[in-house]
Amino acid sequence: MAYIEPSEFATKMVDAGEQKIFMSTKDTVVRAYMAGAILALAAFFAITVIVKTGNPLVGAILFPVGFIMLYLMKFDLLTGVFTLVPLAIIDKRPGCTTDQLLRNWGLVFIGNFAGAMTVAFFASFILTYGYNTDGGALAAKVSSIGESRTLGYQEHGLAGWFTIFIRGMLCNWMVSMGVVGAMISTSATSKMMAMWMPIMLFFFMGFEHSIVNMFLFPFSMIMGGDFTVADYLIWNEIPTVLGNLVGGFMLVGLPLYLTHVKTSAERKVSATAKNSLA
């Protein structure tokens, strides 16, 4: 289980960002679609576990299986490209421009959303036998989550909006720690362990993940959640996406780049100072 020093995997982060910028449109969209679908299925699984067990911690412990699957298959989430792709531009990699960055982010957003919506349709269909029966306890749970995490924030006005934004920051701080943490080893088992911990933390703490929400809120609306598309966009998805962007880049990607890729010269300590410290 070889351990890779931060200085090594930080360079790999920049390489990954560059590779994603130059990926073809087809590959970018397909990988994003699959990532959104798999993460949505994991969220559906975790919510089902919570409803059946009554224990949110059990759902949080099991939710990371989806993130691990999509990471090992090299599928792309918007939260991950928020962290990695800007590094290629900061590092002045040839051909990496802001236009290319926005193209990547836009394609990944579209792919993630399409994948998450597909699973929202599948989940709602199987719960209701083709929309012919009531969705039961799970439908009621999902509806209440959707309402509380849109209208619940709306009740607090601007403070509620910034609460979502900060929860989005905290979420992608942890999710991106999972992304880069998986780079510390060449062992699949070690990668899984490094990813599991921060993903479990964000889910249990109720932080806001833009791709999970692309599944959760449409699913909630289909299941009878009493809120509108505008409520979802203004009082959840938009501030969540912005928070995810700031959290992933400012709290993970940029600090690692600044201290492990663009390392400053070490301070020279005189023999006298060393003796005094001793």
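Residues numbered from 1 in each chain as written. Predicted model: local features only at pLDDT ≥ 70, side-chain atom pairs only at ≥ 80, totals over all residues. Heavy atoms only, no water.

**Topic: the overall build of the chain**
Consideration 1: The helix and strand tally for the chain stands at 13 helices and 0 strands.
Consideration 2: The C-alpha atoms of the chain give 20 Å as radius of gyration, which agrees with the globular expectation for 278 residues (19 Å, within 12%).
Consideration 3: Over its C-alpha atoms, taken along the principal directions, the chain stretches across nearly 80 × 45 × 40 Å.
Consideration 4: A burial count over the chain gives 50% of its 278 residues as buried.
Consideration 5: Long-range pairs, those at least 24 residues apart, make up 83% of the contacts in the chain between residues at least 6 apart in sequence.
Consideration 6: When the accessible surface of the chain is summed, it comes to about 13,100 Å², and 69% of that surface belongs to carbon and sulfur atoms.
Consideration 7: Charged side chains in the chain number 17 positive and 16 negative. The centres of these two groups are separated by 10 Å. (Helix = DSSP H or I, 4+ residues; strand = E, 2+ residues; numbered from the N terminus. Rg over C-alpha atoms; globule rule 2.2 N^0.38 Å. Buried < 20%, exposed > 50% of the residue type's maximum accessible area, 1.4 Å probe, protein only. Contact = heavy atoms within 4.5 Å. Areas by Shrake-Rupley, 256 points an atom, 1.4 Å probe, with all protein chains shown as cover. Lys, Arg positive; Asp, Glu negative; His and termini not counted. Charge placed at Lys NZ, Arg CZ, Asp CG, Glu CD.)

**Observations regarding the packing of helix α4 (residues 64-72) against helix α10 (residues 188-204)**
In helix packing, the relevant descriptors are the interaxial angle and the interaxial distance, both defined with respect to the helix axes.
Consideration 1: Direction vectors running N to C along α4 and α10 enclose 135°, while the axes themselves pass 9 Å from each other. By the angle between their directions, the pair α4 and α10 is classed as oblique. By crossing handedness, the relation of α4 to α10 is classed as right-handed. Contact residues: α4 offers Pro64, Val65, Phe67, Ile68, Tyr71 and Leu72, while α10 offers Lys191, Met192, Met195, Trp196, Ile199 and Met200.
Consideration 2: Here the contact of α4 with α10 is composed, by residue class, of 11 nonpolar, no polar and 1 charged. (Axes fitted to C-alpha atoms, helices over the stretch in contact; angles between N-to-C directions. Parallel < 35°, antiparallel > 145°, perpendicular 65-115°, else oblique. Left-handed = near helix turned anticlockwise from the far one by under 90°. Nonpolar A, V, L, I, M, F, W, Y, C, P; charged D, E, K, R; others polar.)

**Comments concerning helix α1 (residues 6-21)**
Given 3.6 residues per helical turn, the α-helix brings residues three or four places apart onto the same face.
Consideration 1: Compared with the 22 Å implied by 1.5 Å per residue over 16 residues, the 23 Å span of α1 between its first and last C-alpha is a close match.
Consideration 2: Tucked inside the fold, the buried residues of α1 contact α5 (78-90), α6 (98-127), α9 (157-181) and α12 (229-261). (Expected span 1.5 Å × (residues − 1).)

**Observations regarding the packing of helix α7 (residues 136-148) against helix α11 (residues 210-222)**
Consideration 1: Across the interface, α7 lies against α11 with an axial gap of 8 Å and an inter-helix angle of 115°. It follows from the interaxial angle that α7 and α11 lie roughly perpendicular. The hand of the α7/α11 crossing is left-handed. Here α7 contributes Val142, Ser143, Ile145 and Gly146 to the contact with α11, which in turn contributes Leu216, Phe217, Phe219 and Ser220.
Consideration 2: Its residues assigned to classes, the contact of α7 with α11 shows 5 nonpolar, 3 polar and no charged.

**Remarks on the environment of isoleucine 4**
Consideration 1: Relative to the helices and strands, isoleucine 4 resides in the segment before α1.
Consideration 2: According to the relative accessible area criterion, isoleucine 4 is buried, its value standing at 10%.
Consideration 3: Along the sequence, isoleucine 4 and valine 119 sit 115 residues apart, while their C-alpha atoms lie 36 Å from each other.
Consideration 4: Contacts of isoleucine 4, omitting those with residues within four sequence positions, involve Phe9, Lys12, Met183, Ile184, Ser185 and Thr186.

**Looking at the pattern of salt bridges**
Consideration 1: The final tally for this structure, using the stated rule, is 6 salt bridges.
Consideration 2: Of the charged contacts, one joins arginine 93 and aspartate 15 as a salt bridge, the two residues approaching to 2.9 Å between their closest N and O atoms. Taken together, the residues arginine 93 in the loop between α5 and α6 and aspartate 15 in helix α1 connect sequence positions 78 residues apart.
Consideration 3: Judged by relative accessible area, which is 16%, arginine 93 ranks as buried.
Consideration 4: Here glutamate 18 and arginine 93 are joined by a salt bridge, their closest N and O atoms 2.6 Å apart. Residue glutamate 18 is found in helix α1, and its partner arginine 93 is found in the loop between α5 and α6; the two are separated by 75 residues along the sequence.
Consideration 5: Salt bridges sharing partners connect three or more residues here, namely Asp15, Glu18, Asp91 and Arg93. (Salt bridge = Lys/Arg side-chain N within 4 Å of Asp/Glu carboxyl O.)

Keep in mind that these numbers describe shape and distance, not what the molecule does.
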